[in-house]
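Each chain is listed here by its residues.
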Amino acid sequence: MCEVDNKLLEYVFSKDQTILEELKTHRSGDVHRLLRRLDAVRKDSLKNVGTWTIPQVHTLLNALVKCYLDTADSIKLSRAVEKLWQPFLEGHQEYLDHCLEDCVLLVINTSGVDSLQIAKVSVLLEQNKVVQEIFRENLTKVTSWLSSELSPLLKPPPDSLTPSQSQCLHALVKICLQLFQVCTEEFGVQIWEMGDQQSQMNQCVLAVVKSLVYILQTQGYHTDCVLLSGTATALMFNSCMITENAVKSFSMLLYQVLNADSACTVEFLKQENCLDADQQQCVYDILSSLTHAKLGPVSLIRGMVACGRTDILFADSQACAGDTKMLFKQLYQYISILCKGDITLHYQAFQILLLWYAKLTKSPSSVESSSLTSILESTLDLVVLNWDSPVEDVPEAVVDIFACMMTAWLKVKDDMPDFPSKILDNLLRTQWYVKGRYRILAVLLNYLDPVKILNTDGTEQWKASWLATLTEGLVSDNSLVRYNTSLHWIPVTFKLLPDTSDAVQDHLSSAMKDPKYPVDRVRLLHAWIIVAKTVRTQTGNTNLEHINIQEALCCADEDVRSDAISLVCTTLKKAECISKVEVSLLMECIPYNIKLDSAPFRQHLGSDIRKLLVRLRDSCTTLLKSPTQNKEKLDCALDFVDWLHQLCIQFLLPGASYQRRKGSLDLLHVIYESLIYSEGSKQRKGFVPESAMNLVKFAQSSERWDFFNKMNTQALILCLLDGAEEIQMSSYMLLTRYYTMTIDENVKTPQSLCCHLLGESLRLCNSPKGHEGQSGAILCKLVFQKYVADSKMKFSIDKNSKCNSTDVHVSVTQDASVNSAVVFIEMLLSEAKRFMLEAEKDLVKASKQYPMHGLISAITQCLTGTDDLWLTSADDLVGVCEQLVEFCQQIIEKMLNIMAGVAGQEACPSFAEIGMALENLLSENQTDYEETTSLSPEYQYMLSWCWNNIKESCTSLGEVTRVTISSKQPMSVSTIHSISTTFHTVLTKCRHKGVIEGCRSAYVKFCSALFLSNQQEVLSIPDNALTEVLSCLKKKRISSSVTRRSAGLPIIIQAVLVSEKKMKKSFLLCEAVKSLFEICEMPLDKDHGLTDLPQVHGLNILNSLFSDASLTASLIGHTSHAVILVIQQFGSPSWAVRNAATRFFSTLVTRIFGQKKSHGDKFCNSVTFKEFSSYYPDLPAFMLKILDEASKGDIMDISQIHAGLFPVLTILSCLKPMEAPDQDIISQLQQFSSLMQPFTGSPVYQLRHLVASALVAMIPVQEMTSSVISCLNNHVTPMQSSSSICNNSLHGHLLYILGLLDFIERYEDQEGLWNALTREYWLISVNNGMISSVYVKILHQLLLACPSVTCDEILEFVIVEHCTRGSKQMIGNSVYCEAAVEFLFESYNRNGLCMYGLVDKLLTFNNMEARKSCLEKLPKFLQKPGKNHTYNKMAVMAILCNSVKKESELFVCTVLNLITDLYQDIGTIHKDDLQNLLDWFSGVDKKEFKHRESMLVSVVPVQAILIKHSTDTGSENDRLGVPDLGVFCEAVNKFSSAVNETQRLSAVRALQIVGKHLLNLASTLTCSDWLISLFEAILTLVQDEDTDIRFETCKFVSSLNWEEKPSKFSSYHSNICFELFLQYLCDNFWQSDQYIQFLYSQLTSVVSLQTLLVERESSRYQQLFDQEDNSFFAEKLYNAFDIYKYLKISVKRCLNENKTDMLSKLRNDLSIDKMVKELEYLISVLQSIHKGTVISICSDNLVLSTICTFLLSCDIVAMTTSNQTIQEGLENVVQIAAFPPVLRQKFKDCDVNVFHAS
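Here the structure is a predicted model, which means the values were calculated and not measured.

*Asks:* Which parts of the structure should I look at to understand the overall build of the chain?
*Replies:* Helix and strand counts for the chain stand at 86 helices and six strands. Among the 1798 residues that make up the chain, the fraction classed as buried is 56%. Taking contacts inside the chain between residues at least 6 apart in sequence as the whole, the part at least 24 apart equals 74%. Accessible surface, the chain: about 77,400 Å² in total, of which carbon and sulfur atoms supply 50%.

If you want it as structure tokens, here you go:
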């Protein structure tokens, strides 16, 4: 290009000089940004194009056409380039076309062009008509180019093609397809009309066709490529003008492709005869046995159906001699065979069937009615059979097929009018838990004539019909039902009938006011909120000041709060101004809803706040047009955002819980993503508009929205030190995306920020603690990204400074002459190597002071996680990567040798051997080392050092390989080979689960990267690894015991195959599975016991493959073989093989039937025998064979049980009975039933259960009732008169009957069976509990199913008698008592009888099992509604209180727990019952409780009942003494902090019973020493780490009512309850010196601040794991501010009301001198910290919390004593620069006196 041309381009692109180059190398994420830049060029530089000369225009057009080709892969970019040349089209169109032709032909004329260029030409051919014309004019040249390019690609085997070659082949085939579309006539002449004349073009075209046929005929090509070939070949037939010839040629080609042995020719083009009968039958046979391995014929059929010319599709085809059939119907026959064939082809087959029906719906009259009727019937069978297919996406395709099918039915509905109603009947008969029926039903409803129940305007009629049902859905206890009702039902109803919203809200409001309404108030409140939210979304009208909204925002239920927040944030108008009411509600609730366990709640909160902020942004952008007039609205919105941002920053302080930090960081992401415009944003949707910049500037002009200041930067940097990876990554993303760090200032400042951060990162990387090493690594990555990669700064570690010291000195310069990134990484690598040298000298010392894993992680993250690093300096970085790889391999080898004890040991050492090796090492290196029973700190350091180094080194190897190959700068092949060997070494020589999992992740990345390489040697590495492992197993070269479940061997295989799957290939998978099957089937030589058998490894590897969800679709075709194999292995003489087979069998059952689903006590099996046979056709015959073999042995001899019997019966028992099966299926079912029937009398209990379930699955649903009667008459009733009853057989048949009852739904049948079965009550007296229990369960099931039946008194009497007088010696006594008690409870409840007598009998008689069952079943029964519900509870309470005195120790705890449950339920207790409890409690030896804490757990809540009623009634003398209260409260306090959750829950229950009463009592007493224990217990439990315990404690706190309570709601969540209880104490106990002393003690630490600071500095290597001082949910730091707030209020109130005597005890206990010394020491520590330091001793969680509580306590002391020294000391602290700025801001916001004054 000449100088003039360059100047022109410089002028056009003067404001954006790099855009042409960036367009050439663009990525998908850059599109949005480039579009804006192109638009700016068009507007700025192409204004006066009329004055341009022709050469100037041509120069620009040349450049634009090249860009057009470069951007062809992005439609948006290429169209933007078209807009640039739009002004020049008039007068220059011809030149533009010429430029396009030159560009396209350049690609065609250049040999060896890459696949990307071909793909771009293909896109242009599809989109641009000019390019299409160019191809027509140069067709000879194009076809010659295609044939020459295709030929070398088809010579090697398909599996040996590199990814680049595969992509190239795909692009070429696509161009062939496009040419058949664009040049149909031209190809028609060359293919069909040339005859014997041979021209160059004709030869080239035929060569192209032959290539396409070869791809179809050859196995192994990429699926997409084969499908394109099939479509292209089908399009070729469209070029044939003679329809008959096209049909015949298609038939012959299909026959040729199906016969793999036939030669690849194009003779089918000249075929004049149709297929003969044998050939046609051959087509059918081969199609029926076709698998996914041979996709060519399927793609050909698909192509013909999808793209075939209409006249060809509907032309007659002579299928065979004398049989004429339309090709379209013939294709349906082919497709139908595929849909019934191998399951691996089902996805493609049903997609083709959908295409076939789509064609049919466009030409419904083309198929005669008689044929269409049979086709619809046939298709319906396929739909029913596959509506719940295990093949991914098939169920969805089936629904679409059904919809098309019903559309086609409209044409023949006169011939089959009952077709929809028959389908409906079938659907209604299908069990409710079959998911497929609902999708079909939704489509079918459009073709039925539903009766119109309601008029559109009939609100009253709607209320009468639907209000109750709708309310039931809204208030359901099932969250999924509530969600679906609110999402799918409510909005549609309110939209069609707007008046119904008021009706629903009024109904819910009245229900909430009704105390007797049966639904919990929380559920009603949630329903009201859902309705209000829907109304607000649809109409924009909702009264946000309604009290229900405020109550919902405080509610303990997370779903209620989430929907309430959504109600406030969501409106009808997307740009509606935020109101003061919304701001007020959100500012009140958000601070309490950030610290939460629930991840879904945090996601919903973020989503709602995002909607609000987008609305705020858009509305404020509009308001800015008149800022003065809209000042009030703008101030409201801007202040809210400022408050929210500041809140999130303050919630990031060290010491904040994970939940608080995670919630705050999520909200910060939402704020920035909604309000901050980013020019380089990669968001395709929802990006921030450029106009948002004006809003930010306006806010900052009024001193708001100072988002990115130093204080906020420091807060986020400190989050990088968090131990949680999610917190680290979230804060890192915020810092790199939005925060800038001033470069010049940092370089000029001696203690520069960049040097400080790097020094701290190196210090942390040098920590032996894993989480600190990770914090150092990510901090180092931040420095690398911000200062090295972005600002090209050069760092160096001072020679006098050592990385293992606490203070690392780093210097920085700006030097553009060096590659700063390479220098930085080499600096880190040299430090790591120095650490390795130190390790060679002293391993024990190195494990503490020279850990390498932190530096390895830092180097890896810098190399692989930095944006655009590899786009600029890839060549230099490869050398560094190879050095890193070599170093990581040295580390791994070193660590493995250390743990093995002997260098180079081949075997995988056990944990015991590792322990011995480390102990020996420690004893050799330390003369004073003594071996103890516990793990010494040195041992822990050594072990952690080894594991962490191996794990991080493996991660580094995987990441480095990934980044080098993806950047097209791979390392040497030998290096990659060595990495592979290292991975295999770790996976086969390690037992540590964490290391193996870390290595797995890295190895998957490694293999995935290899499959992306274009080097054949690299591509072969995964294949070689797979081959090597499988070969070693086959040749039994792996002789040592790796470990249980084969340790890393499955990971090697799995990683390779998963990586191959990502490339959409499955060749290695098929080969691997085939080899593994062969390994498992090898004959067993001998089980040595100490070695792992190859068969065991094979089964374990197969298990891991079938467990991988990503491989499910690829392995589904191997399922049958796997099941057969594993059942055969159950008979292996080796226990290890049988064990591995059992685990694998469990995985296979889950894969076949899905996760086990149940409803109540019933399993919901959804696969019928017919479906099972269709999906896995090989299995029924095999299972029948196993059953036949098993039935030939002696059934009563346990030793002769067939090994395969249990797994076969397990599979059959998972099936669901069928509705009206075919005759063929019935005969199969009868075969299975006849073979299984004898096993009902097996002596093996579990076998009888399996047989009964399997037999039920063989019975059609219509025959269930008759089968029960038949079984009764033939097998049960005759035994009554038999001289010898066969108990096993009787038990088996009763189990069979019990299973049959699950599928009998008609009331008439159930009542008839009840009458028949109740006559068989002799079964209770057979003296066999197992038989009696099944019989009673049968009666119980019928009783539940038939509301109209009642139990006969005689039957009840018999059941009770045998239950209460049962013998311990009776077999199955316990199961009978359990079934009998459950039946009796239901029967008594049904008859409305009092439970007193029954329960008294059950608990009084000397049958331990009956008593146990009664106590177990009582809680569940008492929750059921009944006629005497409350009376029954009182009666049971009386019995329990009476029986506790004489109850044995075995059941006393259960009885006490029941008493507590009943008391909490009914809220009262009769005085006689209370006396019985008191008598028992008085007679118990209290010393026993100290030794039996399990009993004390049950006693404490009962003691609470006694205390409540003893202190509530009678005179002062009748009350329990104060010491008793003290012991009780101390026990509650002790339990509140116990490790055992049961003890903590016991404490909560005690508080719920008597806590409120004791607090009221304490307010009336002058002295109550037990009060402090009560306070501590409540504050501890309300912050418990267990959600359920917190929830129960919140119930207690919410129940506290007092005059000054801010809002008297019935439910508050835990974050509110902590502060709410403090407020309660402040309002009710402010005059108590005990209360003030207690709160002050909460602000002080046991350890002094000075002691803590010294310990933190000196205890670096003393212990590996830090000890937590409280639960992870409790936060000492933030609790201190709440405690300070209310303590300050109390102190002020005492001072204002002259109650100074309340403060006297506090003053007397204070040590002012000690506090002053602590304060002076703190000042000296803070002053010693350099200015600008971000990470210091104050960054430590415990240190900062202690400083905070100390300062707050000092402020309280200064307030109470007016001590000037403390006041001045506090003022000095706040002025020190090193004082944490966020904490300073928090103090100011909390109105801390001296800080506020300062």
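*Asks:* Honestly, the state of the cysteines in this entry has me stumped. Any pointers?
*Replies:* Cysteine pairs can be linked by a disulfide, which is a covalent bond between their two sulfur atoms. Using the criterion set out here, one finds zero disulfides in the structure. The cysteine cysteine 569 is free of any disulfide, with cysteine 589 supplying the nearest cysteine sulfur at 7.7 Å.

*Asks:* Before we go on, may I ask you to explain unusual backbone geometry in this structure?
*Replies:* Outside of glycine, negative phi angles account for most residues, and trans bonds account for most peptide bonds. For aspartate 393, which is not glycine, the phi torsion reads 75 degrees and is therefore positive. With a relative accessible area of 38%, aspartate 393 lands in the partly exposed category. The residue tryptophan 705 is not glycine, and still its phi comes out positive at about 55 degrees. Position of tryptophan 705 relative to the elements: it lies in the loop between α34 (692-701) and α35 (710-719). The exposure class of tryptophan 705 is buried, given its relative accessible area of 0%.

*Asks:* Whenever I open this one, the packing of helix α39 (residues 770-789) against helix α40 (residues 820-841) confuses me. Can you help?
*Replies:* Think of two packed helices as two axes; the pair is described by the angle between the axes and how far apart they sit. Look at α39 against α40: their axes get within 10 Å of each other, and the N-to-C directions meet at 155 degrees. By the angle between their directions, the pair α39 and α40 is classed as roughly antiparallel. Classified by chirality, the crossing of α40 by α39 is right-handed. Facing α39, whose interface residues are Cys780, Phe784 and Val788, α40 presents Ser820, Ala821, Phe824, Ile825 and Leu828. Here the contact of α39 with α40 is built from residues that sort into seven nonpolar, one polar and no charged.

*Asks:* Where do I start with a negative patch on the surface in this structure?
*Replies:* A grouping of Glu392, Asp393, Glu396 and Asp400 is seen on the molecular surface, where their side chains present a negatively charged patch. Mapped onto the fold, glutamate 392 is located in the loop between α20 (369-386) and α21 (394-409).

*Asks:* Just to check I follow, could you spell out helix α5 (residues 75-85) for this structure?
*Replies:* Side chains that are three or four residues apart share a direction in an α-helix, a result of its 3.6 residues per turn. Taken together, the buried positions of α5 are occupied by Leu77, Ser78, Ala80, Val81, Leu84 and Trp85. The buried residues of α5 occupy an angular sector of 155 degrees when projected down its axis, which confines them to one face. Turned more than 90 degrees from where α5 packs its buried face, Lys76, Arg79 and Lys83 sit exposed.

*Asks:* Looking at this structure, I do not really get the pattern of salt bridges. What am I missing?
*Replies:* If the charged atoms of two oppositely charged side chains come close together, the side chains can form a pair. A complete count under the given rule lists 43 salt bridges for this structure. In this structure, a network of salt bridges that share partners links the residues Lys631, Asp635, Asp639 and Arg704.

*Asks:* Before we go on, may I ask you to explain the packing of helix α61 (residues 1287-1301) against helix α63 (residues 1329-1345) in this structure?
*Replies:* Axis separation between α61 and α63 bottoms out at 9 Å; the angle between their running directions is 15 degrees. One finds that α61 runs roughly parallel with respect to α63. Crossing angle aside, the handedness with which α61 passes α63 is left-handed. Between α61 and α63, the contacting residues are Asn1287, Leu1290, His1291, Leu1294, Leu1295, Ile1297, Leu1298 and Leu1301 on the first element and Met1330, Ile1331, Val1334, Lys1337, Ile1338, Gln1341 and Leu1342 on the second. Looking at the contact of α61 with α63, its residues break down into eleven nonpolar, three polar and one charged.

*Asks:* Help me understand the side chain of serine 1611, please; the structure alone is not making it clear to me.
*Replies:* Its place among the elements puts serine 1611 in the loop between α76 (1587-1599) and α77 (1614-1629). Its relative accessible area of 13% is what places serine 1611 among the buried residues. Side-chain polar atoms of serine 1611 contact the backbone nitrogen of alanine 556, separated by 3.0 Å. Sequence-distant contacts of serine 1611, defined by excluding residues within four places in its chain, comprise Cys554, Cys555, Ala556 and Ser1598.

*Asks:* Quick question: what am I supposed to make of the confidence of the model for the chain here?
*Replies:* Low pLDDT marks stretches whose predicted atomic positions should not be read closely. Per-residue confidence for the chain gives a mean pLDDT of 83; residues scoring 70 or more make up 89%. Counted against residues more than four places away or in other chains, residues 1514-1523, with its pLDDT under 50, gives seven contacts.

*Asks:* Please clarify how the packing of aromatic side chains should be interpreted in this entry.
*Replies:* Geometry of an aromatic ring pair is reported as the spacing of the ring centres plus the angle between the planes. For the coordinates displayed, the defined rule picks out 41 aromatic pairs. The interplanar angle of 50 degrees and the centroid separation of 5.3 Å between the aromatic rings of phenylalanine 983 and phenylalanine 1006 together place this pair among those described as tilted. Of this pair, phenylalanine 983 sits in helix α46 (residues 973-989) while phenylalanine 1006 is found in helix α47 (residues 993-1010), placing the two residues 23 residues apart along the sequence. Comparing phenylalanine 983 with phenylalanine 1006 shows no difference in burial state: the two are buried. Aromatic side chains phenylalanine 1130 and phenylalanine 1145 sit 5.7 Å apart centroid to centroid with 85 degrees between the ring planes, which places their arrangement in the edge-to-face category. Residue phenylalanine 1130 is located in the loop between α53 (1119-1129) and α54 (1135-1153), and its partner phenylalanine 1145 is located in helix α54; the two are separated by 15 residues in the primary sequence. A single burial state applies to phenylalanine 1130 and to phenylalanine 1145, both of which are buried. Aromatic ring contacts, followed pair by pair, group Tyr672, Trp705, Phe707, Phe708, Tyr738 and Tyr739 into a single cluster. Between the NZ or CZ atom of arginine 660 and the centre of the ring of phenylalanine 651, over which it lies, the distance is 4.4 Å.

*Asks:* In this structure, what is going on with the pairing of strand β3 (residues 793-797)? I would like to understand it.
*Replies:* For a regular strand, side chains alternate in direction, first toward one face of the sheet and then toward the other. Side chains of β3 alternate between two faces, with Met793, Phe795 and Ile797 buried and Lys794 and Ser796 left unburied. Here five bridges tie β3 to strand β4 (residues 810-814), and the two strands are oriented antiparallel to one another. In the strand pairing of β4, phenylalanine 795 is matched with valine 812.

*Asks:* Before we go on, may I ask you to explain helix α78 (residues 1633-1643) in this structure?
*Replies:* Of all the residues in α78, the buried ones are Gln1634, Tyr1635, Ile1636, Phe1638, Leu1639, Tyr1640 and Leu1643. Between the side-chain oxygen at the start of α78 and the backbone nitrogen of glutamine 1634 there is a gap of 3.3 Å, and the oxygen is on serine 1632.

*Asks:* When you look at a nonpolar patch on the surface in this model, what are you seeing that I'm missing?
*Replies:* Taken together, the side chains of Leu480, Tyr483 and Leu487 present a nonpolar region at the surface, about 320 Å² in accessible area. Tracing the chain through its elements places leucine 480 in helix α25 (residues 479-496). In this structure leucine 480 comes out as exposed when scored by relative accessible area, which is 52%.

*Asks:* Honestly, the nonpolar core in this entry has me stumped. Any pointers?
*Replies:* Nonpolar side chains in soluble globular proteins generally cluster together in the buried interior. Ranked by size, the top nonpolar core spans 626 residues in total, and within it Phe795 and Leu1559 carry the most contacts. Here the element with the most residues in this core is helix α43 (residues 874-900); it accounts for 14 residues.

*Asks:* Looking at this structure, how should I read the side chain of threonine 1733?
*Replies:* In this structure, threonine 1733 sits in the loop between α82 (1712-1728) and α83 (1741-1761). Reaching out from threonine 1733, the side chain makes a polar contact with the backbone oxygen of histidine 1730 at a distance of 2.7 Å.

*Asks:* Before we go on, may I ask you to explain the environment of glycine 770 in this structure?
*Replies:* Its place among the elements puts glycine 770 in helix α39. Of the residues examined, glycine 770 reaches a relative accessible area of 28% and is grouped as partly exposed. Not counting chain neighbours up to four residues away, the residues in contact with glycine 770 comprise His853 and Asn948.

*Asks:* For this particular structure, what's the right way to read the environment of valine 1497?
*Replies:* Take valine 1497: it is sitting in helix α72 (residues 1493-1512). Among all residues touching valine 1497, those that are not within four sequence positions of it are Phe1535, Thr1542, Gln1543 and Ser1546.

The rules behind these values
- Residues numbered from 1 in each chain as written.
- Predicted model: local features only at pLDDT ≥ 70, side-chain atom pairs only at ≥ 80, totals over all residues.
- Heavy atoms only, no water.
- Helix = DSSP H or I, 4+ residues; strand = E, 2+ residues; numbered from the N terminus.
- Buried < 20%, exposed > 50% of the residue type's maximum accessible area, 1.4 Å probe, protein only.
- Contact = heavy atoms within 4.5 Å.
- Areas by Shrake-Rupley, 256 points an atom, 1.4 Å probe, with all protein chains shown as cover.
- Disulfide = S-S within 2.5 Å.
- Axes fitted to C-alpha atoms, helices over the stretch in contact; angles between N-to-C directions.
- Parallel < 35°, antiparallel > 145°, perpendicular 65-115°, else oblique.
- Left-handed = near helix turned anticlockwise from the far one by under 90°.
- Nonpolar A, V, L, I, M, F, W, Y, C, P; charged D, E, K, R; others polar.
- Patch = residues over 30% accessible without salt bridge, like charges linked within 9 Å, V, L, I, M, F, W, Y side chains within 5 Å.
- Salt bridge = Lys/Arg side-chain N within 4 Å of Asp/Glu carboxyl O.
- Lys, Arg positive; Asp, Glu negative; His and termini not counted.
- Charge placed at Lys NZ, Arg CZ, Asp CG, Glu CD.
- Arc of directions from axis to C-beta.
- Polar contact = N/O pair within 3.5 Å; in protein donor to acceptor, adjacent residues only side chain to side chain.
- pLDDT = per-residue confidence, 0-100.
- Phe/Tyr/Trp six-rings, centres within 6.5 Å; stacked < 30°, edge-to-face > 60°.
- Lys NZ or Arg CZ within 6 Å of the ring centre and 35° of its normal.
- Pairing = 2+ DSSP bridges.
- Core = buried A, V, L, I, M, F, W, Y, C linked by side-chain atoms within 4.5 Å.

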